[in-house]
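Structural characterization, general
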Amino acid sequence: MKCTHIQRHLSAYIDDCLTPSMKREVEAHLSVCPACRQELDVLSSLTGELKHTPEVAAPEDFVFSLHRRLTRTSGLKRLRTLVPPFRRKMQFGFVTATIMAGCILFVIHMQQPELARRQRTGFQIEPEQRYDRVAEEKAKAPPAQLGESRLPEGFPSLEENQKQRSNAREKKSEYPIKSDMSHHLPVSEPMIMEGETPVEWELRLDAPLCPSRDYVSPKLPDTADRLEDKTGGGASPALHERSEDLENAFGRTDAEQPRITIQDAAKHVETITSDMGGSVASIEKAGAAEHGLTMAIVIPGSLVDQFMTELAQIGRFDRNVQGFSESSEKVVTILLTLTAE
Amino acid sequence: MGEYTNKETGGSAAEDATLIRQFVAGDLQAFDRLVIRHQDRVFSLCHRFTGDYQEAEDLAQTIFVKAFQSIHHFRFESAFSTWLYRIAVNTCRNRIKSWEFRFRQKVEAFHSQKGAFTVVPTDEASSPHRQLEAKERRRMIQQAVNELQGDKKAVLILRDMEGLSYDDISSLTGLKIGTVKSRIARARQILKKRLTGILL
């Protein structure tokens, strides 16, 4: 029998797992073959070395480490039981990827602070703050010419404003503008609290006025006296159609400049005031030399600049009146004198 | 397969069964006592399969966690030690077949290649030198065993290190007895070639 055949069974021979006949064959060959005996000795030495390999003891804190492992494992198992996405490892990975993507998007979003600030505060700007912004924009812009619209783009023009306001007034009770209109004006809530001293400014507005049916030219003493009487007594005014005195009264013609009646000018001022939350405290006939009306207007101090802008659409006035640039007071009283330009 | 008995603690199947019943009834400390009785045997098996202390600890913990999770299904048809040993062998076989473990083995083999098979001179007969020589021999044998692949490694460990019979190995691994024999013979031949000059 060849050595290769015998050596193939030496492993089983060492383990005593050969059949009796095969075992006899192997033993017979080994008795005559030194090479196969050498092979058997090497294999026996190997198994002996392996058999006597010492056992390695577990670390002393093995039980405690196992407790930590069991706590982690049971926690994850409970999580997978409670939350459906965690029941499978693939879904767990998907959820993790989704959370990571969300975090990345959040970080990118937070890196745009200006955009985030605008989005956070865009719907919280108070109307007065918007007016402040308009005032800032106007301060940066070059000064406008008199008669030119100083309103920023997007705001309605004077004609559109007048149309809207007249439509709104038609819904209310229409009242005639007379020489003394204080008792016809709507009574607004008092804006001046007790103990507060309002700031009073006097402003002269030169409007391109024309005489109307209830405005009497100053060149007609009798009519002027009658108007004065009515102002003091409150009697019903008489109407005078004196359109022919137009040029005589103001020395100008309609062809030179579009003119409005003093009633319309007063209405504009009143509408502007009420739109800003203010009120017209009184309307009186101005002195005989002024040929106009004096209106006492109470408006919030923060809206003075806006009020002046609106007023510039009606006529011309001197903006350099002392104190007009200061609008930090809560309430401002303006004595507005409407005169013909 | 015969009952595996813990040598250090002298535990028996009856004591294990009692502890299992106590644990199932709610006594968590009974499982700790079971772990203490069998931890060294399981850890040693894991160390033989992996050849690394940390890896063996992680593997042993995994085995006991599996036992903890499935001990409620233990039906007392065999000894707890046999049941646990079966879990341990299957877990170790799966671990050494995993790509992570094989990758680590290759990396470690690469780093320890230099001087791995250096034969220590034996002409000096001093006791410390012999101890060092024996330690070096064990290290090289363990390294040679670690480099065996798959089931050859498993059956060699179970037969030559753990001392199991061919029948027990066949029962544990699910391999036929003829396959077990041939793989053991093949594994020994590989080791003999790798350990030439060290053996005898």
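Residues numbered from 1 in each chain as written. Chains lettered and ligands numbered in written order. Predicted model: local features only at pLDDT ≥ 70, side-chain atom pairs only at ≥ 80, totals over all residues. Heavy atoms only, no water.

As a further point, take the overall build of chain B. Helix and strand content of chain B: nine helices and zero strands. Element order for chain B, N to C, with α for helix and β for strand: α-α-α-α-α-α-α-α-α. Burial status across chain B gives 52% buried among its 200 residues. Contacts in chain B between residues at least 24 apart in sequence constitute 64% of all its contacts with a sequence separation of at least 6. Here chain B has roughly 10,100 Å² of accessible surface; of this, 52% comes from carbon and sulfur atoms. (Helix = DSSP H or I, 4+ residues; strand = E, 2+ residues; numbered from the N terminus. Buried < 20%, exposed > 50% of the residue type's maximum accessible area, 1.4 Å probe, protein only. Contact = heavy atoms within 4.5 Å. Areas by Shrake-Rupley, 256 points an atom, 1.4 Å probe, with all protein chains shown as cover.)

This next bit is on the interface of chain B and chain A. Taken together, the contacts link 42 residues of chain B with 31 residues of chain A. For the pair chain B and chain A, the summed buried surface comes to about 3,400 Å²; carbon and sulfur atoms form 61% of the total. Linking chain B with chain A are six salt bridges. One salt bridge in this structure joins A:Asp15 and B:Arg188, with 3.0 Å as the shortest N-O distance. Applying the counting criterion to the chain B and chain A interface returns 16 residue pairs in polar contact (both at pLDDT 80 or more). Counting residues per element, the ones that place at least two in the side of chain B that touches chain A are helix H2 (28-50), helix H3 (53-70), helix H6 (127-146), helix H7 (150-161) and helix H9 (177-194) of chain B. In terms of residue class, the side of chain B that touches chain A is built from 20 nonpolar, seven polar and 15 charged. (Buried area = accessible area lost by both parts, 1.4 Å probe. Salt bridge = Lys/Arg side-chain N within 4 Å of Asp/Glu carboxyl O. Polar contact = N/O pair within 3.5 Å; in protein donor to acceptor, adjacent residues only side chain to side chain. Nonpolar A, V, L, I, M, F, W, Y, C, P; charged D, E, K, R; others polar.)

Bringing the packing of helix H8 (residues 166-173) of chain B against H9(B) into the picture now. All names here are of chain B. With their axes 9 Å apart at the nearest point, H8 and H9 run at an angle of 105° to one another. In this view, H8 runs roughly perpendicular relative to H9, as classed from their interaxial angle. On H9, the residues that touch Tyr166, Asp167, Ile169 and Ser170 of H8 are Ile177, Val180, Lys181, Ile184 and Arg188. Of the residues contributing to the contact of H8 with H9, the split by class is five nonpolar, one polar and three charged. (Axes fitted to C-alpha atoms, helices over the stretch in contact; angles between N-to-C directions. Parallel < 35°, antiparallel > 145°, perpendicular 65-115°, else oblique.)

With that settled, the discussion passes to helix H11 (residues 262-275) of chain A. Residue and element names in this part refer to chain A. The terminal C-alpha atoms of H11 lie 20 Å apart, and with 14 residues this matches the ideal 20 Å at 1.5 Å per residue to within 8%. Counting buried residues along H11, eleven of its 14 residues qualify, which places the element largely inside the surrounding structure. Buried within H11 we find Ile262, Gln263, Ala265, Ala266, Lys267, His268, Val269, Glu270, Thr271, Ile272 and Thr273. (Expected span 1.5 Å × (residues − 1).)

Bringing the packing of aromatic side chains into the picture now. In this structure the tally under the stated criterion is nine aromatic pairs over all chains. Ring geometry for A:Phe62 against B:Phe64: centres 5.7 Å apart, planes inclined by 70°, an arrangement best described as edge-to-face. Here B:Phe64 lies in helix H3 and A:Phe62 lies in helix H4 (residues 62-82), a pairing that spans two chains. When its relative accessible area of 1% is taken as the criterion, B:Phe64 is described as buried. Aromatic ring contacts, followed pair by pair, group B:Phe74, B:Phe76, B:Phe80 and B:Trp83 into a single cluster. Lying over the aromatic face of B:Phe76, B:Arg21 brings its terminal NZ or CZ to 4.3 Å of the ring centre. (Phe/Tyr/Trp six-rings, centres within 6.5 Å; stacked < 30°, edge-to-face > 60°. Lys NZ or Arg CZ within 6 Å of the ring centre and 35° of its normal.)

Among the nonpolar cores identified, the biggest contains 63 residues, and B:Leu45, B:Ile63 and B:Ile71 are the most heavily contacted of them. Leave out the neighbours within four places in its chain, and B:Ile63 touches B:Val42, B:Cys46, B:Leu84, B:Ile87, B:Ala88, B:Thr91 and B:Cys92. (Core = buried A, V, L, I, M, F, W, Y, C linked by side-chain atoms within 4.5 Å.)

All names here are of chain A. With 46% of its residues at a pLDDT of at least 70, chain A reaches an overall mean of 66. Mean pLDDT in chain A bottoms out at helix H9 (residues 221-233), which sits at 42, and peaks at helix H2 (residues 20-32), which reaches 91. Every residue in residues 144-152 scores below 50 in pLDDT, and together they form 15 contacts with partners more than four places removed in sequence or on other chains. Contacts from residues 171-196, a stretch scored under 50 in pLDDT, to residues over four places away or in other chains number 37 contacts. (pLDDT = per-residue confidence, 0-100.)

Let's shift gears to the packing of H3(B) against helix H4 (residues 80-97) of chain B. Residues and elements named next belong to chain B. Packing of H3 against H4 leaves a shortest axis separation of 10 Å and a crossing angle of 130°. Classified by the interaxial angle, the pair formed by H3 and H4 is oblique. As H3 packs across H4, the resulting crossing turns out to be right-handed. For the pair H3 and H4, the contacting residues are Glu55, Asp58, Leu59, Thr62, Ile63, Phe64, Lys66, Ala67 and Ser70 in the first and Trp83, Leu84, Ile87, Ala88, Thr91, Cys92 and Arg95 in the second. Residue composition of the contact of H3 with H4, by class: nine nonpolar, three polar and four charged. (Left-handed = near helix turned anticlockwise from the far one by under 90°.)

Summed over all chains, the structure comprises 20 salt bridges over all chains. The closest approach of N and O atoms between B:Arg41 and B:Glu162, which form a salt bridge, is 3.2 Å. Of the two residues, B:Arg41 sits in helix H2 while B:Glu162 sits in the loop between H7 and H8, which places them 121 residues apart along the sequence. Note that B:Arg48 is salt-bridged to B:Glu162, the shortest N-O span being 2.7 Å. Of this pair, B:Arg48 sits in helix H2 while B:Glu162 sits in the loop between H7 and H8, and the two are 114 residues apart along the sequence. Here B:Arg48 and B:Glu162 have matching classes, each one buried. Through salt bridges that share partners, A:Asp15, B:Arg159, B:Asp160 and B:Arg188 make up one connected network.

Here we come to the pairing of strand E5 (residues 293-300) of chain A. Residues and elements named next belong to chain A. Within E5, seven of the eight residues are buried, leaving the element largely enclosed by the surrounding structure. Relative to E5, strand E4 (residues 279-285) runs antiparallel, the two sharing six bridges. Paired with Ser279 across the two strands is Val298, which belongs to E5. Two elements, E5 and strand E7 (residues 331-340), share eight bridges in a ladder whose sense is antiparallel. Bridge pairing in E7 places Ile297 opposite Ile334. (Pairing = 2+ DSSP bridges.)

The backbone of A:Asp16 sits at a positive phi, close to 60°, despite the residue not being glycine. Following the sequence through the fold, A:Asp16 ends up in the loop between helix H1 (3-14) and H2. Non-glycine residue B:Phe76 carries a positive phi angle of around 60°.

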